[in-house]
Amino acid sequence: ADDRRAQLFLAFLGPSTRPESISSEQWERFCDLRLSGAINARGSATPQGCSVRPRTVESDCRWLMQVFNWAVKWRNESGEYLMSENPLRGFPIPKELNPRRPVATQERYEALRAVSDQVHMEIEGSHGIGPDDVSTVYYRMPFSLSIRP
């Protein structure tokens, strides 16, 4: 997702755009184009735009905000901050007024439960977790899921 979002903003803003020069007009244009489907998830123009919901655009916008927030806190080798301030501070972020909250049907739940014993979770790459001891595991990153043959 990070690579895709980096590609999205690079395509939209252009490789020569300096972060501190991003204007609120550019920000709003990005949101409008993304919502309408005029640009896709990688920043390419789409002839038959497939609109996306505001939650998708919100996620894209929050990602870039977080990148700049990180740059404001991170120091380079000489001890200087990468950025003095977040150029997007105060810019509006689209909100999903009625977010979708999908609910699984009983049939889907039963189908997933039927194959759940085939899932093997790795936490920190060293401990195998099976379905019987998942309740004793605390969530820690990184983790990966794999299906046992």
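What comes next concerns the included structure.

A closer look at the overall build of the protein
For step 1, the next point in the chain: Scanning the protein from N- to C-terminus turns up four helices and three strands.
For step 2, the next point in the chain: Across the protein, helices and strands are ordered from the amino to the carboxyl terminus as α-α-α-α-β-β-β.
For step 3, the next point in the chain: Looking at the protein as a whole, 24% of its 149 residues are labelled buried.
For step 4, the next point in the chain: Residue pairs in contact within the protein that sit at least 24 positions apart in sequence constitute 49% of those at least 6 positions apart.

Some details on the packing of helix α1 (residues 2-13) against helix α3 (residues 54-73)
For step 1, the next point in the chain: Across the interface, α1 lies against α3 with an axial gap of 10 Å and an inter-helix angle of 90 degrees. Between α1 and α3, the crossing angle belongs to the class labelled roughly perpendicular. Residue-level inspection shows Asp 2, Arg 4, Arg 5, Ala 6, Leu 8 and Phe 9 of α1 in contact with α3, the latter providing Ser 59, Asp 60, Cys 61, Trp 63 and Leu 64.
For step 2, the next point in the chain: Across the contact of α1 with α3, the residue classes break down as six nonpolar, one polar and four charged.

Some points on the environment of Val 67
For step 1, the next point in the chain: Considering the arrangement of structural elements, one finds Val 67 in helix α3.
For step 2, the next point in the chain: Separated by 19 residues in the primary sequence, Val 67 and Asn 86 have C-alpha atoms spaced 9.1 Å apart.

Topic: a nonpolar patch on the surface
For step 1, the next point in the chain: On the surface, Trp 70, Trp 74 and Leu 82 cluster together into a nonpolar patch covering about 350 Å² of accessible area.
For step 2, the next point in the chain: Tracing the sequence through the fold places Leu 82 in the loop between α3 and α4 (106-115).
For step 3, the next point in the chain: The partly exposed category is assigned to Leu 82, whose relative accessible area is 41%.

What to know about the packing of aromatic side chains
For step 1, the next point in the chain: According to the stated counting rule, one finds five aromatic pairs in the structure shown.
For step 2, the next point in the chain: Pairing Phe 9 with Phe 30 gives two aromatic rings, centres 4.7 Å apart and planes at 35 degrees, and the pair type is tilted. Here Phe 30 lies in helix α2 (residues 24-36) and Phe 9 lies in helix α1, a separation of 21 residues in the sequence. This pair shows no difference in class: Phe 9 is buried, exactly as Phe 30 is.
For step 3, the next point in the chain: Here the aromatic rings of Phe 9 and Trp 63 are separated by 6.2 Å at their centres, their planes lie at 10 degrees, and the arrangement is stacked. Here Phe 9, found in helix α1, pairs with Trp 63, found in helix α3; they are 54 residues apart in sequence, far enough to count as distant.
For step 4, the next point in the chain: For Phe 9, a relative accessible area of 5% puts it in the buried group.
For step 5, the next point in the chain: Taking the relative accessible area as the measure of exposure, Trp 63 reaches 15% and is therefore buried.
For step 6, the next point in the chain: Put simply, the rings of Phe 9, Phe 12, Phe 30 and Trp 63 pair up and form one aromatic cluster.

Here is what the cut-offs are and how they apply
Residues numbered from 1 in each chain as written. Predicted model: local features only at pLDDT ≥ 70, side-chain atom pairs only at ≥ 80, totals over all residues. Heavy atoms only, no water. Helix = DSSP H or I, 4+ residues; strand = E, 2+ residues; numbered from the N terminus. Buried < 20%, exposed > 50% of the residue type's maximum accessible area, 1.4 Å probe, protein only. Contact = heavy atoms within 4.5 Å. Axes fitted to C-alpha atoms, helices over the stretch in contact; angles between N-to-C directions. Parallel < 35°, antiparallel > 145°, perpendicular 65-115°, else oblique. Nonpolar A, V, L, I, M, F, W, Y, C, P; charged D, E, K, R; others polar. Patch = residues over 30% accessible without salt bridge, like charges linked within 9 Å, V, L, I, M, F, W, Y side chains within 5 Å. Areas by Shrake-Rupley, 256 points an atom, 1.4 Å probe, with all protein chains shown as cover. Salt bridge = Lys/Arg side-chain N within 4 Å of Asp/Glu carboxyl O. Phe/Tyr/Trp six-rings, centres within 6.5 Å; stacked < 30°, edge-to-face > 60°.

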